[in-house]
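Survey of secondary and tertiary structure
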Amino acid sequence: MTLLRSLSFAVISGLIGLSASTDLIRTRRADYTATCQAIAAAVSSASKVYYSGSSQYTKDNEHWASSGSQTSACSFEPANAQDVGIALQLLGKDQTPFAVRSGGHSPNSGFSSTPGVQIALFSFSEVVYDANAQTATIGMGLIWDNVYSELDKYGVTVVGAKTTGVGVGGTVLGGGYTYLSNQYGLSVDNVVSLELVMPNGTVASITSSSNPDLFYGLRGGFNNFGIVTTVTMKTYTQSQVWGGRISYAAAQWDVVNTAIANFVSAVTDPKACVYSTTDYASGVVAIMTILFYDAPTYPNGIFNELLAIPHVDEDISTRAYSNLIQTLPANASSGLRAMFHWVPIEQFTSSMLQMVKNQTLFYGKELSQSSGVLISYDLIPFLPSLYSHSNTPSAFPSSRDAGQGYSFIEVYYGWTDPNDDNVMLQLGAESAAYMKQFAVDAGQNVSNALIYPNCAPPGTALADMYGDAVSSLHSIRSAVDPGNVMGLTGGWRF
Ligand SMILES: Cc1cc2nc3c(=O)[nH]c(=O)nc-3n(C[C@H](O)[C@H](O)[C@H](O)COP(=O)(O)OP(=O)(O)OC[C@H]3O[C@@H](n4cnc5c(N)ncnc54)[C@H](O)[C@@H]3O)c2cc1C
Ligand SMILES: *[C@@H]1O[C@H](CO)[C@@H](O)[C@H](O)[C@H]1NC(C)=O
Ligand SMILES: *[C@@H]1O[C@H](CO)[C@@H](O)[C@H](O)[C@H]1NC(C)=O
Ligand SMILES: *[C@@H]1O[C@H](CO)[C@@H](O)[C@H](O)[C@H]1NC(C)=O
Ligand SMILES: *[C@@H]1O[C@H](CO)[C@@H](O)[C@H](O)[C@H]1NC(C)=O
């Protein structure tokens with residue numbers, strides 16, 4: 001870990017060195033620090049600015065993937081929306097780059113990291129359940145683990161992410177696919193309102209009726225319109241669920257693929273999910289399949305075929321929903337440089353699964369020639385009704401996809417050497433393009449299907465994620481941020 005961190009620091013310093021003179025860097029660094037001091041002087045005493053050397057600074061700058069991290073001049077932990085607004089105005093005035101971090105799970109450089117002011121939202125950490133309205137108001141500094149376990153106490157849940165450690169911010173403002181999505185849609189479909197700090201410092205509650213443009217843009221449009229402090233989401237009654245992880249060795253790969261193809265062609269019960277990830281590391285293949293049913297037991301033997309396959313390990317039980325999301329060991333692969341890619345498909349047929357197997361082996365071998373240490377190809381089946389749960393349009397998934405849902409192949413590459421960044425991104429894009437073409441050649445209608453912005457690699461064209469909506473999103477951004485303050489932060493920029 002330490003070695004990885006210092007390697008990426010060396011490369012970032014190296015890159016800056018190429019593009020600017022040392023004097024200029026010193027001047028800029030001093031300017032950034034001056035903005036840090038100005039923020040500290042202007043905000044209330046509850047909000048804090050931290051510098052290198054403090055444990056809070058380290059935590060604020062930390063990310064799940066080291067490729068998502070940079071060394072900031074300081075970090076800022078605002079305690080209330082007013083102080084977020086003061087900071088945004090000072091950042092705009094000084095033209096100081098900044099980042100907004102919720103759960104820190106974006107692996108893309110600069111999306112939630114910066115050489116300037118790192119804003120970490122940890123102080124927005126409350127979950128307030130309103131039983132009458134059947135909503136929960138959730139702080140943007142939380143990870144879903146905390147949200148689900150807090151709501152478990154009331155026997156309810158919300159639609160967030162399906163993996164431990166993922167932040168509320170990037171999920172609610174980006175998409176949010178989870179085990180409940182066949183029943184209730186994505187996180188963005190379940191937002192009732194958001195508290196937004198606009199780039200000029202004004203704090204507003206955004207709903208579909210108060211600000212239809214911003215309500216549309218924020219759900220999928222991330223940090224283009226300001227900083228969100230809390231989100232209010234619909235809640236759903238949640239019983240104990242059945243499921244967890246079952247792990248198979250490579251010898252069972254074809255048998256598992258057959259069982260998955262049988263499952264997706266037979267099961268249309270929206271309470272049932274199968275999600276399978278195949279890892280390739282140092283020549284060893286490991287298959288981990290998550291089985292999920294939204295009730296204490298599953299009906300009609302739907303998982304019997306997968307359960308009967310010889311397996312090396314299992315963690316399956318009737319359990320709290322908050323506990324189920326711990327079953328995939330996602331924290332174990334943190335600290336690597338990382339990229340994701342995303343391929344929408346219509347159906348996981350046997351030939352499609354065979355093709356994904358070949359891609360896993362082909363690129364697994366290819367990547368181990370560089371510093372690729374862990375690659376995964378994930379199968380994420382959903383029902384065609386996936387995108388039909390929304391009352392109001394959202395930036396993502398855009399109206400182009402509305403009504404027609406997809407299943408997905410998710411590509412993950414993890415590596416250690418920053419010098420391999422380009423080759424990894426290039427190979428990931430090559431593999432994704434191959435898989436998409438394979439689906440198109442098989443007659444699946446996915447030529448124009450949009451890529452999930454949360455799992456798109458750096459450099460993805462906006463039109464590939466937002467389709468025809470790009471120009472209207474640009475107009476909404478210009479209206480709320482005429483001075484382009486949010487242009488000082490990274491991420492997908494409208
Ligand atoms: C291990 C792992 C598992 C995952 N599992 C899932 C999953 O099950 N389902 C799914 O849909 N996705 C999943 N993802 C993708 C995930 O949705 C994205 O990585 C998401 O951006 C993470 O959100 P975050 O808040 O943790 O990230 P961050 O890196 O903190 O933020 C991501 C982006 O959102 C912006 N942002 C965050 N909060 C705010 C805010 N309050 N105001 C304005 N802008 C903000 C940031 O500036 C940044 O650009 C997973 C990713 C990983 C690495
Ligand atoms: C994963 O890491 C997060 C911190 O980012 C922690 O809160 C969570 O409990 C961890 N999950 C597991 C299963 O250890
Ligand atoms: C396996 O994948 C590679 C890389 O995409 C491709 O060139 C090759 O033709 C595939 N092999 C088979 C048998 O499909
Ligand atoms: C194919 O998908 C597009 C969306 O990308 C949709 O507009 C079109 O109607 C679909 N065509 C068929 C034949 O289903
Ligand atoms: C800030 O911007 C919003 C949106 O454009 C606007 O409604 C509001 O009046 C502005 N506030 C100030 C103080 O200028």
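Treat the numbers as computed from the prediction; the structure is a model and nothing was measured. (Residues numbered from 1 in each chain as written. Chains lettered and ligands numbered in written order. Predicted model: local features only at pLDDT ≥ 70, side-chain atom pairs only at ≥ 80, totals over all residues. Heavy atoms only, no water.)

1. Some words on the overall build of the protein chain
Along its length, the protein chain carries 15 helices and 18 strands. Each principal axis of the C-alpha atoms in the protein chain carries an extent, and together these give about 65 × 55 × 40 Å. Looking at the protein chain as a whole, 57% of its 494 residues qualify as buried. Considering only residue pairs separated by 6 or more positions, the protein chain has 74% of its internal contacts joining residues 24 or more positions apart. (Helix = DSSP H or I, 4+ residues; strand = E, 2+ residues; numbered from the N terminus. Buried < 20%, exposed > 50% of the residue type's maximum accessible area, 1.4 Å probe, protein only. Contact = heavy atoms within 4.5 Å.)

2. Regarding the sheet that holds strand E10 (residues 227-234)
Taking strand neighbours across the sheet as the criterion, the five strands line up as E5-E6-E10-E8-E9 in an open arrangement whose pairing is antiparallel. Lying at the two open borders of the sheet, with one neighbouring strand each, are strand E5 (127-130) and strand E9 (203-206). Strand after strand, the sheet turns through a mean of 15 degrees between neighbouring axes, direction not considered. Pairing of strand E8 (residues 191-197) with E9, which is carried by four bridges, proceeds in the antiparallel orientation. Of the residues in E9, the one forming a bridge with Leu196 is Ala204. Along the sheet face, helix H4 (residues 81-94) touches E8, E9 and E10 and points at about 50 degrees away from the line of E8. Contacts between helix H5 (residues 144-152) and the sheet are confined to E5, strand E6 (135-139) and E10, with E5 contributing the most and set at about 35 degrees to the helix. (Pairing = 2+ DSSP bridges. Axes fitted to C-alpha atoms, helices over the stretch in contact; angles between N-to-C directions.)

3. As for the site of ligand 4
Around ligand 4, the neighbouring residues are Arg400, Gln404, Tyr406, Asn445 and Asn448. The side chain of Gln404 places a nitrogen or oxygen atom 3.2 Å from an oxygen atom of ligand 4. One of the side-chain N or O atoms of Asn445 is found 2.5 Å from an oxygen atom in ligand 4. Alone, ligand 4 offers 360 Å² of accessible surface; in the complex the protein occludes 41% of this. (Near = heavy atom within 4 Å. Polar contact = N/O pair within 3.5 Å; in protein donor to acceptor, adjacent residues only side chain to side chain. Areas by Shrake-Rupley, 256 points an atom, 1.4 Å probe, with all protein chains shown as cover.)

4. Digging into the site of ligand 3
Close contacts around ligand 3 come from Asn358, Gln359, Phe362 and Tyr434, and that covers them all. Notes on ligand 3: free accessible area 360 Å², of which the protein chains cover 49%. Of the residues that constitute the shell around ligand 3, the class distribution is two nonpolar, two polar and no charged. (Nonpolar A, V, L, I, M, F, W, Y, C, P; charged D, E, K, R; others polar.)

5. Looking at the packing of aromatic side chains
Each pair of aromatic rings is reported with the distance of its centres and the angle of its planes. For the structure on display, the rule yields 27 aromatic pairs. With a centroid separation of 6.4 Å and 70 degrees between ring planes, the pair formed by Tyr387 and Tyr406 is classed as edge-to-face. Here Tyr387, found in the loop between strand E17 (372-380) and strand E18 (407-415), pairs with Tyr406, found in the loop between E17 and E18; they are 19 residues apart in sequence, far enough to count as distant. The structure contains a cluster of three or more aromatic residues connected by ring pairs, namely Tyr177, Trp342, Phe382, Phe396, Phe408 and Tyr452. In this arrangement the basic side chain of Lys162 is found over the ring face of Tyr275, its NZ or CZ atom lying 3.9 Å from the centre. (Phe/Tyr/Trp six-rings, centres within 6.5 Å; stacked < 30°, edge-to-face > 60°. Lys NZ or Arg CZ within 6 Å of the ring centre and 35° of its normal.)

6. Thoughts on the state of the cysteines
Using the criterion set out here, one finds one disulfide in the structure. A sulfur-sulfur separation of 2.0 Å characterises the disulfide bridge that pairs Cys36 with Cys74. When the S-S torsion is -95 degrees, as for the bridge of Cys36 with Cys74, the disulfide is left-handed. Within this pair, whereas Cys36 is found in helix H2 (residues 22-42), its partner Cys74 is found in strand E2 (residues 74-77), the two being separated by 38 residues in sequence. The exposure class of Cys36 is buried, given its relative accessible area of 0%. Here Cys273 is not disulfide-linked; the sulfur of Cys455 is the nearest cysteine sulfur, at 16 Å. (Disulfide = S-S within 2.5 Å.)

7. As for the packing of helix H8 (residues 212-221) against helix H15 (residues 470-480)
Orientation of H8 relative to H15, taken along the N-to-C sense of each, is 115 degrees, at an axis distance of 10 Å. Judged by the twist between their axes, the crossing of H8 over H15 is left-handed. Within the contact between the two elements, H8 uses Asp213, Leu214, Tyr216 and Gly217 and H15 uses Ser472, Leu473, Ile476 and Val480. Along the lines of polarity and charge, the residues of the contact of H8 with H15 split into five nonpolar, two polar and one charged. (Left-handed = near helix turned anticlockwise from the far one by under 90°.)

8. Some words on the side chain of Ser193
The topology assignment puts Ser193 in strand E8. We classify Ser193 as buried; its relative accessible area is 13%. Dropping the residues within four chain positions of it, Ser193 is found in contact with Ser205, Ile206, Thr207, Phe215, Val231 and Thr232.

9. Observations concerning the domain arrangement of the protein chain
Assigned domains within the protein chain: domain 1 (19-120), domain 2 (127-237 + 467-488) and domain 3 (241-464). Between domain 1 and domain 3, the contact holds six residues from the first and 13 residues from the second. For the pairing of domain 1 and domain 3, the buried interface totals around 790 Å² over both sides, and the portion due to carbon and sulfur atoms is 53%. At the surface where domain 1 touches domain 3, the tally comes to zero salt bridges. (Domains from an automatic or database assignment. Buried area = accessible area lost by both parts, 1.4 Å probe. Salt bridge = Lys/Arg side-chain N within 4 Å of Asp/Glu carboxyl O.)

10. Side note on the nonpolar core
Within soluble globular proteins, side chains that are nonpolar tend to cluster in buried spots. Core analysis: the biggest nonpolar cluster contains 153 residues, and Phe98, Trp144, Val172, Tyr177, Leu194, Tyr413 and Tyr466 have the highest contact counts within it. Ignoring anything within four residues of it in the chain, the contact list for Val172 reads Met140, Trp144, Ser187, Val188, Val191, Leu194, Arg219, Val231 and Met233. (Core = buried A, V, L, I, M, F, W, Y, C linked by side-chain atoms within 4.5 Å.)

11. What about the sheet that holds strand E4 (residues 117-120)?
Spatially, E1-E2-E4-E3 is the arrangement adopted by the four strands of the open sheet, whose pairing is mixed. Edge positions in the open sheet fall to strand E1 (48-50) and strand E3 (98-101), since each of these has one partner strand only. Averaged over neighbouring strand pairs, the angle between their axes works out to 20 degrees when direction is ignored. One ladder, built from three bridges, connects E1 with E2; its direction is antiparallel.

12. Remarks on empty space enclosed by the protein
Tallied over the entire structure, the rule returns three cavities of 30 Å³ or more. By volume, the largest cavity amounts to about 60 Å³. Looking at the largest cavity, the residues that line it are Trp253, Asn257, Thr278, Leu353, Val356, Lys357, Thr360, Tyr377 and Leu379. Of all the secondary structure elements, the ones that give two or more residues to the lining of the largest cavity are helix H9 (253-266), helix H12 (350-368) and E17. Partitioning the lining of the largest cavity into residue classes produces five nonpolar, three polar and one charged. Around the second largest cavity, the lining residues are Lys162, Thr178, Tyr179, Cys273, Val274, Tyr275, Ile380, Pro381 and Phe382. (1 Å grid on protein atoms, 1.4 Å probe; cavity = no way out; pocket = protein on both sides within 12 Å on 5 of 7 lines; lining within 4 Å. Points joined across faces, edges and corners; volume = space filled by probe spheres on them.)

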